[in-house]
Amino acid sequence: MGNSLKAIVAFVPSDKCQKYLLEDLEEMPVDKMVDLSGSQLRRLPLHICSFRELVKLYLSDNNLNHLPPELEQLQNLQILALDFNNFKALPLVVCTLKQLCILYLGNNKLCSLPLELRLLQNLKTLWIESNCLQCLPEVVCELSLLKTLHAGSNALRTLPAQLRCLQELRTIWLSGNLLSEFPSVLLDMPFLEVIDVDRNSIRFFPSLAHLPGLKLVIYDHNPCRNAPKVAKGVRRVGRWSEETPEPRKRSGAVIAITLNEKPSPPPATKPEPE
């Protein structure tokens, strides 16, 4: 089916037209996965909510701005992808899916997250990048099993002190925000393995050498005058990372040092729950 035809049919809310968009997806798939990404959907077809054993539901790259209350029937769902849609608020029905391990909310129009998100106590990976968040919602700090947090490309200026409570957190991606100082709360999180603060406005980096779990710190594209000190074996990506933690000077001039390339971003393929 051509994308142009799908786009036209998507405007018609009848069940017959919606089934046409789904290309006869009538029964629960054997692999317990439904991928409707890029299907021009404006609403979720209700019969999908009858697939009660469904484990993975991908709704990326559609035109969704709400979800039906019937979604609550999918109590076995572990992966839900809602990225690249038109959500201005997270539908509360998502917070009833208590088996969720991975939730993709990136590239929407979210300015906040509901307090009900705390109900998702099995959540291990949360993607909220490329939204309209001016502060990291404190409810995120109540997701006790969270291991990976992608919060890049928002408008974050600080991080809440409660973030240190997430003792399972291993990776935090904060690139493309408005941080003017390195978030002090991260200095109290010795279990962190990856810290990405690329493309912010940080002018000075404190020492990170006391973080025993740290494996990688990405700090490139900041107006900093020093590199963060790290323990032996920790990889740094940014200015002066391979030469010395401070810019070398000669006769008052800073000697240019070749920049490292930033490693490839997280894979586009969505990971499986651990």
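Residues numbered from 1 in each chain as written. Predicted model: local features only at pLDDT ≥ 70, side-chain atom pairs only at ≥ 80, totals over all residues. Heavy atoms only, no water.

Trainee: Looking at this model, I keep getting lost on the overall build of the chain. Mind explaining?
Mentor: A count of helices and strands for the chain gives 2 helices and 12 strands. The secondary structure elements of the chain, listed N-terminal to C-terminal, are α-α-β-β-β-β-β-β-β-β-β-β-β-β. A buried classification covers 47% of the 274 residues belonging to the chain. By sequence separation, contacts in the chain at least 24 residues apart represent 26% of the contacts at least 6 residues apart. Of the roughly 13500 Å² of accessible surface on the chain, a fraction of 51% belongs to carbon and sulfur atoms. (Helix = DSSP H or I, 4+ residues; strand = E, 2+ residues; numbered from the N terminus. Buried < 20%, exposed > 50% of the residue type's maximum accessible area, 1.4 Å probe, protein only. Contact = heavy atoms within 4.5 Å. Areas by Shrake-Rupley, 256 points an atom, 1.4 Å probe, with all protein chains shown as cover.)

Trainee: Help me understand the sheet that holds strand S4 (residues 102-104) in this model?
Mentor: Strands in a sheet are paired, the pairing made by backbone hydrogen bonds, and the direction either parallel or antiparallel. If you trace the 10 strands from one edge of the open sheet to the other, you get S1-S2-S3-S4-S5-S6-S7-S8-S9-S10, paired in parallel fashion. Of all the strands in the sheet, the pair left with one neighbour each is strand S1 (33-35) and strand S10 (235-237). Geometrically, the sheet is characterised by an average inter-axis angle of 5 degrees between neighbouring strands, direction not taken into account. Pairing of strand S8 (residues 194-196) with strand S9 (residues 216-218) involves 3 bridges; the strand directions are parallel. If you follow Asp196 over to S9, its bridge partner there is Ile218. (Pairing = 2+ DSSP bridges. Axes fitted to C-alpha atoms, helices over the stretch in contact; angles between N-to-C directions.)

Trainee: Sorry, what's going on with the pattern of salt bridges here?
Mentor: Two side chains of opposite charge can pair, provided their charged atoms sit close to one another. Under the defined criterion, the tally for this structure stands at 4 salt bridges. The partner of Lys215 in a salt bridge is Glu193, with the nearest N and O atoms 3.9 Å apart. One end of the pair, Lys215, is in the loop between S8 and S9; the other, Glu193, is in the loop between strand S7 (171-173) and S8, with 22 residues separating them in the sequence. Between Asp198 and Arg199 there is a salt bridge, and its shortest N-O distance comes to 3.7 Å. Judged by its relative accessible area of 1%, Asp198 falls in the buried class. (Salt bridge = Lys/Arg side-chain N within 4 Å of Asp/Glu carboxyl O.)

Trainee: Would you take a moment to explain the side chain of Asn85 for this structure?
Mentor: Relative to the assigned elements, Asn85 resides in the loop between strand S3 (79-81) and S4. Judged by relative accessible area, Asn85 falls into the buried class, the value being 5%. From its side chain, Asn85 meets the backbone oxygen of Leu59 in a polar contact 3.0 Å long. A polar contact of 3.2 Å, which involves the side chain of Asn85, links it to the backbone oxygen of Asp83. (Polar contact = N/O pair within 3.5 Å; in protein donor to acceptor, adjacent residues only side chain to side chain.)

Trainee: Could you clarify how one ought to interpret the packing of aromatic side chains in this entry?
Mentor: Aromatic ring pairs are defined here through the distance separating the ring centres and the angle between the ring planes. Inspection of the entire model under this criterion finds 3 aromatic pairs. Counting every residue linked through ring pairs, the aromatic cluster contains Phe182, Phe205 and Tyr219. (Phe/Tyr/Trp six-rings, centres within 6.5 Å; stacked < 30°, edge-to-face > 60°.)

Trainee: What's the story with the environment of Pro91 in this structure? I'm lost.
Mentor: Its location among the elements puts Pro91 in the loop between S3 and S4. The class of Pro91 is buried, set by a relative accessible area of 12%. Put simply, Pro91 and Leu113 are 22 residues apart on the chain and 9.6 Å apart in space, counted from C-alpha to C-alpha. Once you skip the residues sitting within four places of it in the chain, Pro91 turns out to touch His66 and Leu67.

Trainee: Sorry if this is basic, but what is going on with the environment of Asp196 here?
Mentor: For Asp196, the location among the structural elements is in strand S8. Distance in space between the C-alpha atoms of Asp196 and Val237 is 9.3 Å, their sequence separation being 41 residues. Side-chain polar atoms of Asp196 contact the backbone nitrogen of Asp198, separated by 3.0 Å.

Trainee: Help me understand unusual backbone geometry, please; the structure alone is not making it clear to me.
Mentor: Negative phi is the rule for most residues except glycine; trans is the rule for most peptide bonds. Its identity as a non-glycine residue notwithstanding, Asn107 has a phi of 55 degrees, on the positive side. As for its position among the elements, Asn107 is in the loop between S4 and strand S5 (125-127). A positive phi angle, close to 60 degrees, is found at His221, a residue other than glycine. Relative to the helices and strands, His221 is located in the loop between S9 and S10. Note on His221: relative accessible area 39%, which makes it partly exposed.

Trainee: Help me understand the environment of Met33, please; the structure alone is not making it clear to me.
Mentor: Mapped onto the fold, Met33 is located in strand S1. Met33 sits 25 residues away from Tyr58 along the chain, and the two C-alpha atoms are 8.1 Å apart. Setting aside residues up to four positions removed in sequence, Met33 forms contacts with Leu54, Lys56 and Tyr58.

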